[in-house]
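Listed here are the chains, written in short residue letters.
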Amino acid sequence: MASALLRDMTTLWDAALHVLPSRVGQVTFDSFLRSSVPLSLEGAEFTLGVPSEFARAWITERHLRTLEDCLTEIAGEPVLVGLKVNGPRADPAPARPEASVAARPPVPSAFPSQPLNPKYMFESFVVGTCNQFAHAAALQVAKAPGSAYNVLFLHSKVGLGKTHLMQAIGHYTREHHPHFQVVYISAEQFVNHLISSIRDNRTEGFRNHYRSVDMWLVDDIQFMAAIQGQTSEEEFFHTFNALYETGKQIVIASDCPPRHLQIMNERLRSRLQQGIVADLRPPDVDTRLAILEKKAQSDGIAISRDVLMRLAQRIESNVRILEGALMNVCAYASLNKVELTPSLVDEIIRDYATGSTASRVTIEEIGSHVAAHFDLTLDELQSARRSAVINRARQTAIFLCRELTDHSLHSIGQFFGGRDHSTVIHALRKVSDAIEREPQTLWLINNMKATLSE
Ligand code: ADP
Ligand code: MG
């Protein structure tokens, strides 16, 4: 666990009890979680004793992710949750996390939609240059679903607000178009529903459900290929087309742009690419501060600005970790009855994966690394020379700069020999095409990214 305080399962669970009601809903909380007890914390595996078999099934089916997300946020490191019935009718089998996942109860035949988190509204989303375009596109879609942009594709690394924005669209639409059938589902859930409907011979019913959907929000589509391969992809494409062709609104979130999605169906890829494709980038320090201020305000936390500023400066990696760190320092202060100061913040979060500037790669480092790989010098990459190998190396470096740094196209072009931004775009396209066509380029870029982000 990240901090000594949270190495202890009881403290971790106590901190979670403060935030869970708003995450899972008061009824679920009162019925099942309030009376649950932490049983063990071994490495990343947290075992929770729940009151009944029904509670186990209910939580597993609907809230396991939320529970894991919440504990992960507080701990500042991944936590896996296993559930064990802790009552008189205890299940004799040990509840390892995998076991409880495998034992998910049959998916009910009700319409496959997951609930929206009430916190994920446009009002609570902080807009900065990092997410301005994605926010604007999301708002357009919410205001006029199915008209302007039939398909909106949101992508970013983890924890940068895709789910938040997507659910904000859902909330807004439900409020302004109460008759619209809005469905939010993760690709993983979609595949689970599909599998159970195949098993129960209900595929027709499964398909028919989607005829009445007006807005389809599909989260984490990158898992589609990973889970079940072609069958689920075909079924997804079928549903996608049925909605697309009838002018319904589709919003998709992914951890990579459409061109990098591991899908077989090129028609699907091209339809995704023809939509609005918007990425969310990591927030700068001012946006991070604004996010913390908003969060503190909405949770009714009284905390000084210099403490928030210190958190914003120290934690660059992603918003989820940033929010988790805020909860963590607040839990620390209240349990130990101490006043928070910037230096105490440093102390509490010292083991966090902060993604600090020290570990972030620079354009120069990328340039030198790529030059060395191609047996060139950095000067050559920055020169006006244009041999085939120099071009290739320069394009590779430009691509990696775009992926791994926050520099604009302009400043990347300037660094590599004062080139204008259309040259940079050309380079990005060349490399992404090569990644799609040639396994060795995919492999090369992948390895360089891994080495450079260490
Ligand atoms: P993703 O789906 O990209 O992994 P999420 O949407 O789950 O990320 O965001 C992670 C957390 O960070 C959520 O609690 C979300 O509310 C918060 N968050 C992300 N971006 C913003 C933002 N711009 N303003 C306010 N909160 C944000
Ligand atoms: Mg998400």
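Throughout this description, residue numbers start from 1 for each chain and increase along the sequence as written. Labels follow written order: the first chain is A, the first ligand is 1, and so on. For this predicted model, a pLDDT threshold of at least 70 governs which residues receive local features, and a threshold of 80 or more governs which side-chain atom pairs are given and counted, while totals over whole chains, interfaces and linings are taken from all residues. As a rule here, side-chain values cover all heavy atoms of the structure and leave hydrogens and water aside.

This part is about the site of ligand 1. The criterion for a residue being near a molecule or strand is simple. One of its heavy atoms has to lie within 4 Å of it. Taken together, 18 residues are adjacent to ligand 1, and Val126, Gly159, Thr163, His164 and Glu323 come closest. Here Gly161 contributes a backbone N or O atom positioned 3.0 Å from an oxygen atom of ligand 1. Any pair of nitrogen or oxygen atoms within 3.5 Å is treated as a polar contact; in protein, a donor-acceptor pairing is required on top of that, and neighbouring residues in sequence qualify only through side-chain atoms on both sides. A distance of 2.8 Å separates an oxygen atom of ligand 1 from a polar atom in the side chain of Lys162. Burial of ligand 1 by the surrounding chains reaches 94%, relative to a free accessible area of 560 Å². Going through the elements one at a time, helix 7 (162–176) and helix 15 (319–336) are the ones with two or more residues in the shell around ligand 1. For this classification, the nonpolar set comprises Ala, Val, Leu, Ile, Met, Phe, Trp, Tyr, Cys and Pro, the charged set comprises Asp, Glu, Lys and Arg, and every other residue, Gly included, is treated as polar. Here the shell around ligand 1 is composed, by residue class, of seven nonpolar, seven polar and four charged. For each domain, the first and last residues come from an automatic or database assignment. The residue makeup of the shell around ligand 1 includes at least three contributed by each of domain 2 (127–279) and domain 3 (285–348). Accessible surface area values rest on a Shrake-Rupley calculation with a 1.4 Å probe, where residue burial reflects the displayed protein chains alone. Helix and strand labels come from DSSP, where a helix needs a run of H or I of at least four residues and a strand needs a run of E of at least two; each type is numbered from the N terminus.

With that out of the way, let us pick up the confidence of the model for the protein chain. As a per-residue quantity, pLDDT reports the predictor's confidence and falls between 0 and 100. In the predicted model, the protein chain carries a mean pLDDT of 83, and 88% of its residues have values of at least 70. Put simply, helix 5 (residues 97–102) is where the protein chain has its lowest mean pLDDT, 37, and helix 7 is where it has its highest, 97. pLDDT under 50 marks residues 88–110. Its contacts with residues more than four places away, or in other chains, come to 35 contacts. Only heavy atoms enter the contact rule, under which two residues are in contact if any of them lie within 4.5 Å.

Between two packed helices, both the angle of their axes relative to each other and the distance between the axes serve to describe the pair. Remark: helix 14 (residues 305–314) packs on helix 15, axes separated minimally by 10 Å, with the N-to-C direction vectors making an angle of 140°. In terms of orientation, helix 14 lies oblique with respect to helix 15. The chirality of how helix 14 crosses helix 15 is right-handed. On helix 15, the residues that touch Leu308, Leu311 and Ala312 of helix 14 are Leu322, Ala325, Leu326 and Val329. Of the residues contributing to the contact of helix 14 with helix 15, the split by class is seven nonpolar, no polar and no charged. Inter-axis angles, ranging from 0 to 180 degrees, are taken between N-to-C directions of lines fitted to C-alpha atoms, where helices are fitted over the stretch in contact. For classification purposes, an angle smaller than 35 degrees is called roughly parallel, one larger than 145 roughly antiparallel, one from 65 to 115 roughly perpendicular, and anything else oblique. Left-handed describes a crossing whose near helix is turned anticlockwise from the far helix by less than a right angle; the clockwise case is right-handed.

A few words on the sheet that holds strand 1 (residues 37–42). Strand pairs in the sheet, formed through backbone hydrogen bonds, run parallel or antiparallel to each other. Think of it this way: DSSP has to see at least two bridges between two strands before they count as a pair. Across the sheet, three strands lie side by side as 1-2-3; this open sheet has mixed pairing. The sheet is open, and its two borders are formed by strand 1 and strand 3 (80–85), each paired with just one other strand. The average angle at which neighbouring strand axes cross in this sheet is 25°, direction not considered. Bridging between strand 2 (residues 45–50) and strand 3 involves six bridges; their strand directions are parallel. Note that in strand 3 the partner of Phe46 across the bridge is Val81. Those strands touched by helix 1 (residues 9–24) are strand 1 and strand 2, and its axis lies near 125° from that of strand 1. Sheet strands touched by helix 4 (residues 64–75): strand 2 and strand 3. Its angle to strand 3, the strand with the most contacts, is close to 125°.

Another aspect to go through is helix 14. Relative accessibility thresholds used throughout: buried, under 20% of the residue-type maximum; exposed, over 50%; partly exposed, between the two (1.4 Å probe, protein chains only). Those residues of helix 14 that fall on the buried side of the exposure criterion are Val307, Leu308, Leu311 and Ala312. Projected onto a plane normal to the axis of helix 14, the buried residues spread over an arc of 140° and lie on a single side. On its buried face, helix 14 is in contact with helix 13 (285–298), helix 15 and helix 16 (342–348). When we speak of the arc, we mean the arc of directions from the helix axis to the C-beta atoms.

Spatial strand order, 5-6-7-4-8: five strands in an open sheet with parallel pairing. Either end of the sheet is taken by a strand with one partner, and the two such strands are strand 5 (182–186) and strand 8 (276–279). Neighbouring strand axes in the sheet, compared pairwise and without regard to direction, differ in orientation by 15° on average. Pairing analysis gives five bridges linking strand 4 (residues 151–155) to strand 7 (residues 249–254), with the strands arranged parallel. For Leu154, the partnering residue across the bridge sits in strand 7 and is Ala253. Relative to strand 5, helix 8 (residues 187–199) is tilted by about 95°, and along the sheet it contacts strand 5 and strand 6 (215–219).

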